[in-house]
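Reading the structure
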Amino acid sequence: MQDTTAIILEQSSGISSDLWFWIAIIEFIIILLLLFVKKGNDSRNEKFSKFKKEALKEEVDFRNILDSSFNAPKLYDELKKQCHPDRYVDDAIKNKAATELSLEIARNKDNIKRLKELKEEAAIKLGIK
């Protein structure tokens, strides 16, 4: 009975040792893959943390954010009509000023504070109300 048990254990241990060997190799490969993925995430995390540090250095104007979300589209539409360069075709100086203002208005279409500044500037340069 002991001989039979020893033979069965030897046969099964041969199979299981091969099986454990392949499992160990697969685990090793998975660990290597996870390390490479982690290394890739570290570079993304570094970029994010750098961006976060730079963003936290600046002061956030929440009033401007709220005002911009509700009022900027209306003021933007008004300014883009009033400051369009095609309205000042006859006057080269006003046309150039209107072109510059139009570009600046387009860049800041979501910033109500800057749009108000541009409206004042347009009133001075272009003579609009």
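Residues numbered from 1 in each chain as written. Predicted model: local features only at pLDDT ≥ 70, side-chain atom pairs only at ≥ 80, totals over all residues. Heavy atoms only, no water.

A few words on the nonpolar core. Residues Leu-79, Cys-83, Ile-105, Leu-115, Ala-122, Leu-126 and Ile-128 are the most contacted members of the largest nonpolar core, which totals 16 residues. Those elements that provide at least two residues to this core are α2 (62–82), α3 (92–107) and α4 (112–126). Sort the elements by how many residues they give to this core and α4 lands first, with five residues. If we skip the residues at most four places from it in the chain, Ile-128 touches Gln-82, Cys-83, Tyr-88, Ala-122 and Ala-123. (Core = buried A, V, L, I, M, F, W, Y, C linked by side-chain atoms within 4.5 Å. Buried < 20%, exposed > 50% of the residue type's maximum accessible area, 1.4 Å probe, protein only. Helix = DSSP H or I, 4+ residues; strand = E, 2+ residues; numbered from the N terminus. Contact = heavy atoms within 4.5 Å.)

The predicted coordinates of low-pLDDT regions are not to be read in fine detail. Considering every residue of the protein, the mean pLDDT works out to 84; 84% of them sit at 70 or more. In the model of the protein, helix α1 (residues 2–57) stands out as the element of lowest mean pLDDT, 75, in contrast to α3, which has the highest, 94. (pLDDT = per-residue confidence, 0-100.)

All right, on to the packing of α3 against α4 then. The contact between α3 and α4 brings their axes to 11 Å, and the two run at 175 degrees. Our classification of the angle between α3 and α4 gives roughly antiparallel. Here Lys-94, Ala-97, Ala-98, Glu-100, Leu-101, Glu-104 and Ile-105 of α3 lie close against α4, whose contacting residues are Arg-114, Leu-115, Leu-118, Glu-121, Ala-122, Lys-125 and Leu-126. The residue makeup of the contact of α3 with α4, split by class, is eight nonpolar, no polar and six charged. (Axes fitted to C-alpha atoms, helices over the stretch in contact; angles between N-to-C directions. Parallel < 35°, antiparallel > 145°, perpendicular 65-115°, else oblique. Nonpolar A, V, L, I, M, F, W, Y, C, P; charged D, E, K, R; others polar.)

Turning to the pattern of salt bridges, a few remarks are in order. Pairing of side chains with opposite charge becomes possible as their charged atoms draw close. Applying the stated criterion to the full structure yields seven salt bridges. Among the salt bridges present, the one from Arg-107 reaches Glu-104, with a minimum N-O distance of 2.9 Å. Note that Arg-107 and Glu-104 are positioned in helix α3 at a spacing of three residues, about one turn of the helix. Note that Arg-114 is salt-bridged to Glu-104, the shortest N-O span being 3.4 Å. Here Arg-114 is found in helix α4, whereas its partner Glu-104 is found in helix α3, with ten residues between them in sequence. In this structure Glu-104 comes out as partly exposed when scored by relative accessible area, which is 21%. In this structure, a network of salt bridges that share partners links the residues Glu-104, Arg-107, Arg-114 and Glu-117. (Salt bridge = Lys/Arg side-chain N within 4 Å of Asp/Glu carboxyl O.)

The subject of this paragraph is α4. For an α-helix, the turn length of 3.6 residues means that residues three or four places apart are oriented alike. In a regular helix each residue adds 1.5 Å, so 15 residues correspond to 21 Å; α4 covers 20 Å between its end C-alpha atoms and thus fits that length. Listed as buried for α4 are Ile-112, Leu-115, Leu-118, Ala-122 and Leu-126. For α4, the arc enclosing every buried residue in end-on projection is 105 degrees, short of the 170-degree limit, so these residues lie on one face. Structural note: α4 exposes Glu-120 and Ile-124 on the side pointing more than 90 degrees away from its buried face. At its buried positions, α4 is contacted by α2 and α3. At the N-terminal boundary of α4, the capping side chain belongs to Asn-111, with an oxygen 3.3 Å from the backbone nitrogen of Lys-113. (Expected span 1.5 Å × (residues − 1). Arc of directions from axis to C-beta. Polar contact = N/O pair within 3.5 Å; in protein donor to acceptor, adjacent residues only side chain to side chain.)

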